[in-house]
Amino acid sequence: MEIRDKDKKTRVINGADIVLRLMKEEDTDLIIKWRNTEFVRRNFIYQELFTRQGHENWVKTMIDTGRVVQFIILRKMDDKPVGSVYLRDIDRTHSKAEYGIFIGEKEALGKGYGTQAARMMIEYAFHEEGLHKLMLRVLAENVRARRSYEKAGFVREAHLKDEVFLDGRYQDVIYMAVINDKGQEAFA
């Protein structure tokens, strides 16, 4: 993994098949389109329709305040945006954050981009952000995502029964995490 342009406005992270670049204002319409696509939305705990106002509020209250770092996933072969990955609720006191991802282009599903993005974000979180722990929440029924997270290094920490009410029924949520047990010196 190679990080270019280390300032926080133009950061780019190169991987084998994908590139992560910081989300820009021009990505708003794409983010809204992806988050409102049925195959993306059904895998989120927050399933309400995404609006421009909601996204702009997210940028203002979360990204601009440093509580979130969000990247666009670009397919390396043609620089096509295929999804987004982020660290949210960054807690500097306890050195942890919540990990999130979505692949918004159907043809990009099942290509390993999600697993690669997760690995890149784990390294970014531990090395660049100095975090100790990343956690995520995933619907128990989302087996594809759980496998991807496991391949990237996340392990199950908890299985919460009937945690959320979606699509007219209660669903289980699994908490997964990865811990930087090597400490900051492992990345120096």
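What you see is a predicted model; the values in this text were computed from it and never measured.

1. Considerations on unusual backbone geometry
With a phi angle near 55 degrees, Ser-95 is a residue other than glycine that sits in the positive phi range. Along the chain, the position of Ser-95 falls in the loop between β5 (80–91) and β6 (96–103). Positive phi outside glycine occurs at Asp-162, with the angle close to 45 degrees. Locating Asp-162 in the fold gives a position in strand β8 (residues 155–166). Classification of Asp-162 by relative accessible area gives partly exposed; the value is 48%.

2. Remarks on the nonpolar core
Considering soluble globular proteins, one finds that nonpolar side chains tend to be buried as a cluster. Core analysis: the biggest nonpolar cluster contains 37 residues, and Leu-20, Leu-87, Tyr-99, Leu-134 and Phe-154 have the highest contact counts within it. Residue assignment for this core shows that the elements contributing at least two residues are β3 (18–22), β4 (69–75), β5, β6, α4 (113–128), β7 (133–139), α5 (143–152) and β9 (169–179). Looking at this core element by element, the count peaks at 9 residues for α4. Leaving out residues up to four positions away in the same chain, Leu-87 has contacts with Arg-67, Val-68, Val-69, Ala-97, Glu-98, Tyr-99, Met-121, Tyr-124, Ala-125, Glu-129, Leu-131 and Leu-134. Grouped together as the second largest cluster of nonpolar side chains are 17 residues, Trp-34, Trp-58, Met-62 and Leu-74 included.

The rules behind each value
- Residues numbered from 1 in each chain as written.
- Predicted model: local features only at pLDDT ≥ 70, side-chain atom pairs only at ≥ 80, totals over all residues.
- Heavy atoms only, no water.
- Helix = DSSP H or I, 4+ residues; strand = E, 2+ residues; numbered from the N terminus.
- Buried < 20%, exposed > 50% of the residue type's maximum accessible area, 1.4 Å probe, protein only.
- Core = buried A, V, L, I, M, F, W, Y, C linked by side-chain atoms within 4.5 Å.
- Contact = heavy atoms within 4.5 Å.

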